[in-house]
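For reference, the chains in residue letters:
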Amino acid sequence: MERKHLSWFLALLLGVLIVQNRICSALADQDEDIPHNEVRNWALKFGVDLWEFGRQFTKMNEIKSRFKDNDIEVKRKDGIILLRELAAEVKNFMDFKRNAVMRLMDSAEQAALSELDGQSNSDSGQLSQQHYDARRINEYNADGKLADGARHMDIRFMRRFERLPVNLSLSSILVPHGVDLDETDVKSALQWSAHLDPLFQNNLERDPALSWQYFGSSSGFLRRFPGTAWPPEGSKGSKLIHDFRTHNWFVQAASSPKDIMILLDASSSMSEKSFDLATATAFNILDTLGEDDYVNLITFSEVVKTPVPCFKDRMVRATPDNIQEIKSAVKAVKLQDTANFTAGLEYAFSLLHKYNQSGAGSQCNQAIMLITESTSESHKEIIKQYNWPHMPVRIFTYLIGSDSGSRSNLHEMACSNKGFFVQINDYEEARRKVIDYALVMARPMIMYQADHPVHWSPVFVAGKSGGLGRDSEYQRRLVTTVSTPVFDRRNHSVRVANLLGVVGTDVPIEEIRKMIPQHKLGPNGYSFIVDNNGRVLYHPDLRPLSDGNQYIDQLRPKYASVDITELELPETEIGNDHELVEINKNLLNEMRGDMIRPKEGETEFTVLNHYDESKRVSTRTHRYFYGPIEDTPFTLAIVLPEKYGSHELVSQQEIRHSRNNVTEYFKGDNWRVHPDWVYCEYNSVSDLEKERESSGEYTSRDQEPSFGSPEEQVLHFLARAGRPGWKWMSVRPKSPQPHHNLHGTSPSAAHFGAQHLNVQGSRKAEPYYCDRTLIQSLVRDAMVTDGLDRNTTSTSNGKEDKQQGYQKFVVATSFVATRSGLLRWIDHIKRPEDTPEPHFSEDNVRAMDSSWYKRAVDQHTVEPDSFVYSVPFGSGYAIKSNATLVTASHAIFVEHRGHKAPAGVVGLQFQHDSLAKHFINITSACTGMTGCKRTCASDNLDCYVLDNSGFVIISEEMEHTGKFFGQIDGTIMDSLVQDRIYKRVTVNDYQGVCSDSDNPYTAAGGNVQPHRFGSWIMQHLVALSASWLALMPASLRAWPQDDYETYDNEDVVFVENNYSDEYEENFDNEYTMPVDQEMDEFFTTADVEYTTPPPKQHRPHSGPRFAPDPQNARRCDLRTDLYMLQPERLNQGGQNNPLKGKLTNCHVSGCERPFSVQKIPHSNLILLVVDTLCPCGSKQLDIEPMEESGIVGACSTRRQSQEQESRRRPKKCINYHPEEIEIQQCGRGSTLLHMSASLVAAHLLMVSVTFVLANA
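Criteria and cut-off values
Residues numbered from 1 in each chain as written. Predicted model: local features only at pLDDT ≥ 70, side-chain atom pairs only at ≥ 80, totals over all residues. Heavy atoms only, no water. UniProt positions renumbered as here; feature names shortened; annotations may be inferred. Core = buried A, V, L, I, M, F, W, Y, C linked by side-chain atoms within 4.5 Å. Buried < 20%, exposed > 50% of the residue type's maximum accessible area, 1.4 Å probe, protein only. Helix = DSSP H or I, 4+ residues; strand = E, 2+ residues; numbered from the N terminus. Contact = heavy atoms within 4.5 Å. Pairing = 2+ DSSP bridges. Polar contact = N/O pair within 3.5 Å; in protein donor to acceptor, adjacent residues only side chain to side chain. Disulfide = S-S within 2.5 Å. Salt bridge = Lys/Arg side-chain N within 4 Å of Asp/Glu carboxyl O. Phe/Tyr/Trp six-rings, centres within 6.5 Å; stacked < 30°, edge-to-face > 60°. Lys NZ or Arg CZ within 6 Å of the ring centre and 35° of its normal. Lys, Arg positive; Asp, Glu negative; His and termini not counted.

Under an unreviewed UniProt entry, the protein chain has the name Voltage-dependent calcium channel subunit alpha-2/delta-3 isoform X2 and belongs to Drosophila arizonae. Here the protein chain is described in UniProt, under the heading Subcellular location (unreviewed entry), as follows: "Membrane".

If you want it as structure tokens, here you go:
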């Protein structure tokens, strides 16, 4: 019985073994679809070959040893100490600029005060010799003689002044359209402002880093130093500039912050032509506002409407985005019904009152701008109810056209409410006359004659960069302007408070950044500055919108306004840890709040970093240190990478006591230094001229004495440093004590005559400045990297290297870039002379800023013994297969006493086809003893080498090179994401550029304009009628025709305003707090429409994106899905185990598509092998940025939340003076003297016709 049971048991066991064997065989056959062991071996051999070749060819170990052979130290950085040191340098730099402007202001006020009555008239015959009209400088006839009315000016090209020819002793006059130099007030201002030339020159001697200096006269001309012709060479602009009086640097310096309510008549009583003119007037008012101002625009007919729905019942900050939003919405407004002025005024008064009482808004000036074609009354009752007796709200009225009854009413409204009346007859007047409101708001400040607020404008794109780099001539530079008002201190027969103008100077951002040396921050470290509104003055990722050359052609700045929260992008996809995500976001917002207060502090959080035009992304934890720049509205932040930014390599070569001539380490032409870094520089042109004269060098008088390149400049100072008596000038000159008139003391005659001309405390106290640490580090780096080319492996020719056992790669260039900004390279293949491609050194002279440098340093924290490989995007379509170069870079870290710090990056550029051949040789062979059925040479296997951003480095199809793999096989890429091999990261770009051709408020878009010819006829008929009316006898006219009108109303009782003229110095987190819930008690009229149409939903454009024309460009939010390799996922099971994947259910036949992924050691690469037998459909993934769908613009959720962000008001608000009511000037209309030439001609023609007919 037991035997029987044993037989059954053995039979059963045999059957199980047979079945199991068949299953295992089947599985083995399926598993053999991809030879996973071979994939592992291929990747291992390929990675080791690349590493060994690169390690030996770049001589990285020799460089590291040379550093260690010298005295070195790896020193810990104290972020707060470094911050304070750099903030003090920036403050010192900005003090020079501010003090220069304050000296100009003092001199301008004294010059005007010293002018004798009637002096300008008596000297009018000599006026032509008192100024240089930029339009007529150096104009010559064909015969070589000076043209009639032109003046000669000696000029020479100056790199510092946008590479333009200038005169460093004289200023020139720039004249906007509509300004007549023969007008009395213009002639007078030209006369006394000529005295500023010696001070302009002296300011430049004190501070040779000073840029353009200005005096912008309220009468309309701009005195600019140094003198130069207009338009500048190479500009396509006309001889007329844009009216600078509407620019931020002028308007914001002339008036304190303000809340502005614009009331635009949109009733059917307005003609289309008048409404277009009214709209242009409103737009010009909007263009004068700045970041410290608040604004809203409402249209009124029978009901009150807010064109931008989400601005309803609110004042919004006058940012460029909000201004553009209002403009776009107004273009879609339709005229309808009758005008209900009472409803519009009630709404405006209530909203302004609410903001004043709640502590929101600017908490300073408040004004209503009423724009209409006609009104039948002056609306005394409603104004009396809301605005009298204290008149906290000024009223400015703009009459479109020449309705006589309306003129009287609007004139009365403005004059009885501390405002101004303006009559607008054409678009030129709409542009020119809006500035009158700012001059009126400046009156209290002028009457106190104490405070001269210093204003720093937002940043804008100016002219050519002044850098020495070879590419600087083609770069535009970013600039801010510091300015302050100039008051009229003269005694007049009637009470006036005249603003003479505004003085200012441009401050190039590149000069500010010189105060914060990059070598002190290290690789991937950076700095940025924010203002009191949280807007950045500069940041490495700041990308201002193109201005379409409007500055170069018209001298018209286009200001940038980007919040720091739009540039620092916290990581928001940290697994499924939503709490950590919120903490990351909150840390950024907390830092922003501290910087605005301003408060010193430090924090740490993880951010996204994008490279290569937002095609790559990585995450990095940063340590932020921030603190105020004293006596400015700015706060400085420095950012250091958490993993390697806390330590720096200290390795310097003493120059003065060196036995060798250190210039010997800089032989040849195969080295460069960073063109934007300051190693050594002369403090002025004259210092360089003196040095060259003493050395017998010839200097052309037509050209600025300058160095041909940054390398020439470095060699010059290294040679000087080797001479006896060399002194290090490593401390920048300190700014003089704060200008004595900052707090309101009046200038004296002695001060005007002598004070400005002393040069003590100036930046030219020493002839030059040298960054001793940087230049001695440069010399040490040059010594360490010198001579590496003498033992370099000979030019590879593709022959087998028997000693190494692998095929060499055809290297085009090898290079090393160091912490001191030094770049050395060796060309191993002679470049064709006719090649259009720039040399490696031309594109990579700013090595530490290059993607390959930044990525190599980051890669060191992932895998120290590795290279970062990349190919140009889309390079697979190159005509020549060997034209594509692979760039490989590796970061050298030097260790000392347990701490490491980056010293530099070494790298290679080699031909892609040699890399591909080596890859094919490896992956076409079986490495195991048993052989393999399939290799990458098989038809049914596709093999790819992908980098850590998902781009193809090697593929069997050459056109795939440099292409994103998701565009080749999105199904596999999706699977790699699901398997956590790659991580999909959404990157938001809040500085995106989209086309403005599709106005979201109207399908047609653009401003509705009447027929051009009809518009011209109507414009001239209306203006002509006004001029005829002006010629009528006074008894027939309803208003006087003086330039400035007086208003006398005995029924009005003026009571002293008790509003404070200064802010409390506090920080208001709820500065822009919504007030909607409290508005009902103020809006009592039933005529206010509380419903506005919602903004149209935006559907993002599909297909490739093209950069729009700058004239039609707008800011937009773009969204991009980018990809990051997760190397820890591939290393989890050990490097010897590839990850196996399989696509299932991707075909009706039920077949499967396996693939295998293996990390390639010593690199940022992976090997992907895909089975192609199963015909799975493949989708495409795109990394092109797309505009966010849904509500766009100011009404988007993000922009709405941004409106609530905190800001800090300027310290001073001067909006009231008890004697201002004595000023009688409050408005003017068009007179015959102010008309254009065409109107005058038409008028004279009509007079002639009338005379002929009357005497016929």
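Next comes the rest of the account.
Visitor: Honestly, the nonpolar core in this entry has me stumped. Any pointers?
Guide: What tends to happen in soluble globular proteins is that the nonpolar side chains get buried as a cluster. Ranked by internal contacts, the top residues of the largest apolar core, which has 104 residues, are Met94, Ile512, Phe528, Ile529 and Leu636. Of all the elements, helix 4 (residues 79-114) adds the most residues to this core, at 16 residues. Apart from residues no more than four positions distant in its own chain, Met94 is found in contact with Trp456, Ile512, Leu537, Ile629, Thr632 and Phe634. Membership of the second largest hydrophobic core comes to 46 residues, among which are Ile63, Val816, Phe919 and Leu1167.

Visitor: Would you mind showing me how to read the sheet that holds strand 36 (residues 982-995) here?
Guide: Spatially, the 3 strands line up as an open sheet ordered 36-38-42, and their pairing is antiparallel. Strands at the two margins of the open sheet, each flanked by one partner only, are strand 36 and strand 42 (1186-1187). Note that strand 38 (residues 1113-1125) and strand 42 share 2 bridges and pair antiparallel. Each residue of the ladder has a partner; that of Arg1119, found in strand 42, is Met1186.

Visitor: Help me understand the environment of Lys433, please; the structure alone is not making it clear to me.
Guide: Within the secondary structure, Lys433 is located in the loop between helix 14 (427-432) and helix 15 (436-441). For Lys433, a relative accessible area of 4% translates into the label buried. Sequence spacing of Lys433 and Ile285 is 148 residues, and the spatial spacing of their C-alpha atoms is 9.6 Å. Among the polar contacts listed, one links the side chain of Lys433 to the backbone oxygen of Gln423, at a separation of 3.1 Å.

Visitor: Sorry if this is basic, but what is going on with the state of the cysteines here?
Guide: By definition, a disulfide links two cysteine residues through a covalent bond between their sulfur atoms. Overall, the coordinates contain 7 disulfides when judged by the stated rule. Across a sulfur-sulfur distance of 1.9 Å, Cys364 and Cys1213 are joined as a disulfide pair. Because the sign of the S-S torsion sets the handedness, a value of about 95 degrees for the bond joining Cys364 and Cys1213 places this disulfide among the right-handed ones. With Cys364 in the loop between helix 11 (341-358) and strand 11 (365-372) and Cys1213 in the loop between helix 32 (1197-1203) and strand 44 (1227-1228), the pair connects residues that are 849 residues apart, well separated along the chain. Classification of Cys364 by relative accessible area gives buried; the value is 8%. What pairs with Cys994 in a disulfide is Cys1116, and their sulfur atoms sit 1.9 Å apart. On the sign convention where negative is left-handed, the bridge of Cys994 and Cys1116, at about 75 degrees about the S-S bond, is right-handed. Residue Cys994 is found in strand 36, and its partner Cys1116 is found in strand 38; the two are separated by 122 residues along the sequence. Taking the relative accessible area as the measure of exposure, Cys994 reaches 5% and is therefore buried.

Visitor: Quick question: what am I supposed to make of the pattern of salt bridges here?
Guide: Side chains that carry opposite charge are capable of pairing whenever their charged atoms lie near each other. By the definition in use, this model includes 61 salt bridges. One salt bridge connects Lys520 with Glu85, and the closest N-O pair in it is separated by 2.5 Å. Of this pair, Lys520 sits in helix 18 (residues 518-521) while Glu85 sits in helix 4, and the two are 435 residues apart along the sequence. Take Lys520: its relative accessible area is 23%, and that puts it in the partly exposed class. Between Arg543 and Asp541 there is a salt bridge, with the nearest N and O atoms lying 3.4 Å from each other. For Asp541, a relative accessible area of 16% puts it in the buried group. Linked by salt bridges that have partners in common, Asp243, Arg245, Glu428, Arg431 and Arg432 make up one network.

Visitor: So what exactly am I meant to see when it comes to the pairing of strand 36 here?
Guide: In regular strands, side chains alternate between the two faces of the sheet. For strand 36, a buried count of 10 out of 14 residues is recorded, marking the element as mostly surrounded by other parts of the structure. Summarising the sheet, strand 36 and strand 38 pair through 12 bridges and their orientation is antiparallel. In the strand pairing of strand 38, Asn988 is matched with Arg1119.

Visitor: Looking at this structure, how should I read the packing of aromatic side chains?
Guide: To describe a pair of aromatic rings, you give the distance between the ring centres and the angle between the ring planes. In this structure the tally under the stated criterion is 37 aromatic pairs. Arranged with centres 5.2 Å apart and planes meeting at 40 degrees, the rings of Phe53 and Phe57 form a pair that is tilted. Here Phe53 pairs with Phe57, and both are found in helix 2 (residues 36-58), just 4 residues apart, close to one helical turn. The same class applies to Phe53 as to Phe57, namely buried. Ring-pair connections join several aromatic residues into one group, and the members of that group are Tyr682, Phe707, Phe717, Trp726, Trp728 and Tyr768. The lysine or arginine in question, Arg151, covers the ring of Tyr132, its NZ or CZ lying 3.8 Å from the ring centre.

Visitor: Looking at this model, I keep getting lost on unusual backbone geometry. Mind explaining?
Guide: Note: most residues except glycine have negative phi, and most peptide bonds are trans. Cis geometry is found at the peptide bond from Phe225 to Pro226, where omega equals 0 degrees. If you trace the backbone, Pro226 turns up in the loop between strand 6 (222-225) and helix 8 (248-254). Put simply, Trp388 and Pro389 share a cis peptide bond, and its omega is 10 degrees. Inspection of the secondary structure assignment puts Pro389 in the loop between helix 12 (380-387) and strand 12 (394-400). The phi dihedral of Asp337 falls on the positive side, at around 60 degrees, and the residue is not glycine. Its location among the elements puts Asp337 in the loop between helix 10 (320-330) and helix 11.

Visitor: What is the right way to read the side chain of Arg224 from this model?
Guide: Secondary-structure assignment places Arg224 in strand 6. Within the buried set, Arg224 has no salt-bridge partner at all; the shortest N-O distance to an opposite charge, 4.5 Å, is to Glu162. Residue contacts for Arg224: discarding those within four places in its chain leaves Glu162, Ser171, Ser172, Leu174, Trp212, Gln213, Tyr214, Trp230, Tyr551 and Leu555.

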